[in-house]
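Spelled out, the chains give:
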Amino acid sequence: MRRNGAPLPAMPYGADSFSLGAVRGGARRVGARMTLAARCCQAETGPRCGGLRQRRSRRPAGGPNRPCPAPRSWAPLEAPVGVWAPLAIVTLLSFASRFYRLSEPPHVCWDETHFGKMGSYYINRTFFFDVHPPLGKMLIGLAGYLSGYNGTFPFQKPGDRYEHHNYIGMRGFCAFLGSCLVPFAYLTVLELSKSLSAALLAASILIFDTGCITLSQYILLDPILMFFLMGAVLSMVKYNSCADRPFSARWWFWLNLTGVNLAGAIGVKFVGLFVVLLVGLNTVYDLWKLLGDLSLSLVTLGKHLLARVFCLILLPLALYTTQFAVHFAVLNKSGPGDGFFSSAFQSRLIGNNLHNVSVPEHLAYGSVITMKNLRMAGGYLHSHWHLYPEGVGARQQQVTAYLHKDSNNLWIIKKHDSNTADHLDPASSVEFVRHGDVIRLEHKETSRNLHSHQHEAPMTRKHFQVTGYGINGTGDSNDFWRIEVVGRKAGKRIKVLRSQIRLIHLATGCILGSSGKTLPKWGWEQVEVTCTPYVKDTPNALWNIEDHINPKLPNISLDVLKPSFPEILLESHMVMIRGNSGLKPKENEVTSKPWHWPINYQGLRFSGINETDYRVYLLGNPVIWWLNLVTIGLYLLMAICTTVAIKRGVQLTAELKELSKVLLHCGGQIMLGWLLHYLPFFMMGRVLYFHHYFPAMLFSSMLTGITWDTLLKFCVEHLSCSVRRRVYPYGMLTLMLLIVFSFYLFHPLSYGMVGPMASDPKSPMAGLRWLESWEF
């Protein structure tokens, strides 16, 4: 049949309650169902079809006598109403569930203390350090600024009340992006499976998952990350669907949008690289297929390759770099992040003691200097009058790393075989320190030399102790150090701020470094300095000259020594990578292991601990999460059976071949996305939390929609027509009702609980604590 000249889409089983009613309307729909029923009954016998046979006799003569039509709900849905009306409904439900009680609780919850504070830093243009790229925090700050927040709330700790400060704008921005995940998932599954029922099931899972709702309602990076991640997946699927129309406007639009979303995903968190890998593998597969198409010329293949290089590599890199350019331009004032970066980097920041300062450019003997360790928060080389206690190496003067500016950070650089006074004589010529020179470092306040020997370091075993030794600059041969500049040749001068130097102990061959370990109270809880016998160019063993005082040398402005944009871009990434690898759990903090996540083993407290508190608990809807987990195993079983059947040459009908393609190719893409966003966490050494699984959960939810839709279609293919009309819609309806009912049970986890804990039999949540590890 045709309507206004356009073909109507073929529908499954004659009674797909989620698609047929939306596509066909009025008498045309009734006629279609009567026709389909009549065809079914033609192949059946028995009294149950008698009434329908009488209806069939009233049809005009000449109609064909065919068996029940094959299911084809995965065929393209061309009727706009059939696609957009359900999309509008799921989008409305998604926004309603995310914005409901958005202002509650009116105090800082969980990681809002970090990301809300960072949004304030952007509004105040104050430099800070974070282990993640800047895009997510910039967008939070922008949302706060546009909604009237002035950046004055301190965000000190969870539980602090917002009072009169406008926090709704930042929460609303995150809730908006979190709400978009549902329509993105709907459109992605619809494009892959061509099944409205599969798309609605996937959307329902995300709408009614308590974990997704909770994670979307607060000032966090996760909804922003997942927005760009799902945007990239949807764009990838859309441009794949345009493969038959390459270089069309629609094809270019989706290909460019994929690149934009990839830049957004990486710009929020480095785990965005997982979706980059997914798109990359899809692109390689796509190009490999094109290479086998002998109808394409080499010129056309080259155009395909260049289009993908530009849109999926160069465009994301350009946008990602732009994010950092904006980040550095906005955060131009000195702040709490200064100490994580090099002295040269700090000289850019207004208010830093190195900003607009003039110092001698090259290091010379007799200069008074400070040395800063290049490890993250490594501190300045420091000493004081206090000695190491009895039983801790030699009882000599302590040498530590101190994180703050102090007069005890000053050292005088001198030749190993001459007196300091020789270099300070105004009549003497200036002699520059060069790569490979053997030097002494004399502590200015105590006149003791930097010294090491084969006594064990106080905290780090197998490292040597570093001390201050001697009287008025006079010591022994264990005070001799060879100074080297990374990447320089012998005889080259050493630049202030810019040169990365290492000090090698001449007698033992060990290298001066900061272990990063905090000394006990006898060491004033400063950072341990050791001499490591393991020769490595790690940041712990590298230093740079920061302060430089020498009246015999001309001063130059540090503006000349400021690093270029590529240099600060590279440095910021090195600091972020070191920061990520060094993340350790805080005291009393709940962490988890990757195997906990799919089984919903343990959640996270977002707000409140006691009975009197307003409690919000991040935990996935257990029915949904366990359904997703079962579906992953079910999908693998179905994929294996289907692959074996095809390999063994089993004859499949055209409809079953289409279903097999959806299962293996489209479901395979989603399964690969789940694997890429989950398995890498098993190899990570950093601290991990439950919320790290949610990007993978998006893929498992879409896989659930595709798998159950395909399974039911496989099953009803072997049933009689009248039975199949009931099994498929009733099966999908049962799954959706189960999801909605479980949300009704567990919705207080997201929207707040007050009163007895679930461990108390009097609590309304008592019967819902299905696992002992749940702490609500």
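1. Points about the packing of aromatic side chains
Under the criterion given, the structure shown has 48 aromatic pairs. A ring pair is formed by Tyr-121 and Phe-128, whose centres lie 5.3 Å apart and whose planes are at 25°; its orientation type is stacked. On the accessibility criterion, Phe-128 (5% relative accessible area) is buried. When the centroid spacing of 6.4 Å and the interplanar angle of 90° are considered together, the rings of Phe-743 and Tyr-751 count as edge-to-face. In this pair, the class of Phe-743 matches that of Tyr-751, namely buried. Three or more aromatic residues link up through ring pairs in this structure, and these residues are Phe-274, Trp-597, Trp-625, Trp-674, Tyr-678, Phe-681, Phe-682, Phe-690, Tyr-693 and Phe-694. Geometry around Phe-345 places Arg-348 over its ring, the cationic atom sitting 5.0 Å from the centre.

2. Notes on a positive patch on the surface
A cluster of basic residues, Arg-488, Lys-489, Lys-492 and Lys-495, forms a positive patch on the protein surface. Mapped onto the elements of the fold, Lys-489 is located in the loop between β11 (481-485) and β12 (501-505).

3. Some details on empty space enclosed by the protein
For the structure shown, the criterion picks out six cavities of 30 Å³ or more. There is about 110 Å³ of room inside the largest cavity. In terms of lining, the largest cavity is formed by 15 residues, of which the most central are Phe-128, Asp-130, His-132, His-327 and Met-576. Broken down by secondary-structure element, the contributors of at least two residues to the lining of the largest cavity are α14 (298-330) and α17 (565-581). At three residues, α14 tops the list of elements feeding residues into the lining of the largest cavity. In terms of residue class, the lining of the largest cavity is made up of 10 nonpolar, three polar and two charged. By volume, the second largest cavity is sized at about 90 Å³. Around the second largest cavity sit Asp-222, Leu-225, Leu-229, Lys-269, Val-271, Phe-274, His-677, Phe-681, His-691, His-692 and Pro-695, which together line it. No other element matches the three residues that helix α11 (residues 222-241) contributes to the lining of the second largest cavity. Along the lines of polarity and charge, the residues of the lining of the second largest cavity split into six nonpolar, three polar and two charged.

4. Section: the pairing of β11
In summary, the side chains of a regular strand alternate between the two faces of the sheet. With four of five residues buried, β11 lies mostly within the body of the structure. Note that strand β8 (residues 438-443) and β11 share two bridges and pair antiparallel. For Ile-439, the partnering residue across the bridge sits in β11 and is Trp-481. Bridge count between β11 and β12: five bridges; the pairing is antiparallel. In the strand pairing of β12, Val-485 is matched with Ile-501.

5. Digging into the environment of Phe-95
Mapped onto the secondary structure, Phe-95 falls in helix α4 (residues 80-99). C-alpha separation for the pair Phe-95 and Leu-177, spaced 82 residues apart in sequence, amounts to 9.6 Å. When neighbours within four sequence positions are excluded, Phe-95 is seen to be in contact with Phe-176, Ser-179 and Cys-180.

Procedures and definitions
- Residues numbered from 1 in each chain as written.
- Predicted model: local features only at pLDDT ≥ 70, side-chain atom pairs only at ≥ 80, totals over all residues.
- Heavy atoms only, no water.
- Phe/Tyr/Trp six-rings, centres within 6.5 Å; stacked < 30°, edge-to-face > 60°.
- Buried < 20%, exposed > 50% of the residue type's maximum accessible area, 1.4 Å probe, protein only.
- Lys NZ or Arg CZ within 6 Å of the ring centre and 35° of its normal.
- Patch = residues over 30% accessible without salt bridge, like charges linked within 9 Å, V, L, I, M, F, W, Y side chains within 5 Å.
- Areas by Shrake-Rupley, 256 points an atom, 1.4 Å probe, with all protein chains shown as cover.
- Salt bridge = Lys/Arg side-chain N within 4 Å of Asp/Glu carboxyl O.
- Lys, Arg positive; Asp, Glu negative; His and termini not counted.
- Charge placed at Lys NZ, Arg CZ, Asp CG, Glu CD.
- Helix = DSSP H or I, 4+ residues; strand = E, 2+ residues; numbered from the N terminus.
- 1 Å grid on protein atoms, 1.4 Å probe; cavity = no way out; pocket = protein on both sides within 12 Å on 5 of 7 lines; lining within 4 Å.
- Points joined across faces, edges and corners; volume = space filled by probe spheres on them.
- Nonpolar A, V, L, I, M, F, W, Y, C, P; charged D, E, K, R; others polar.
- Pairing = 2+ DSSP bridges.
- Contact = heavy atoms within 4.5 Å.

Spatial relationships are all this shows, so hold off on functional conclusions.
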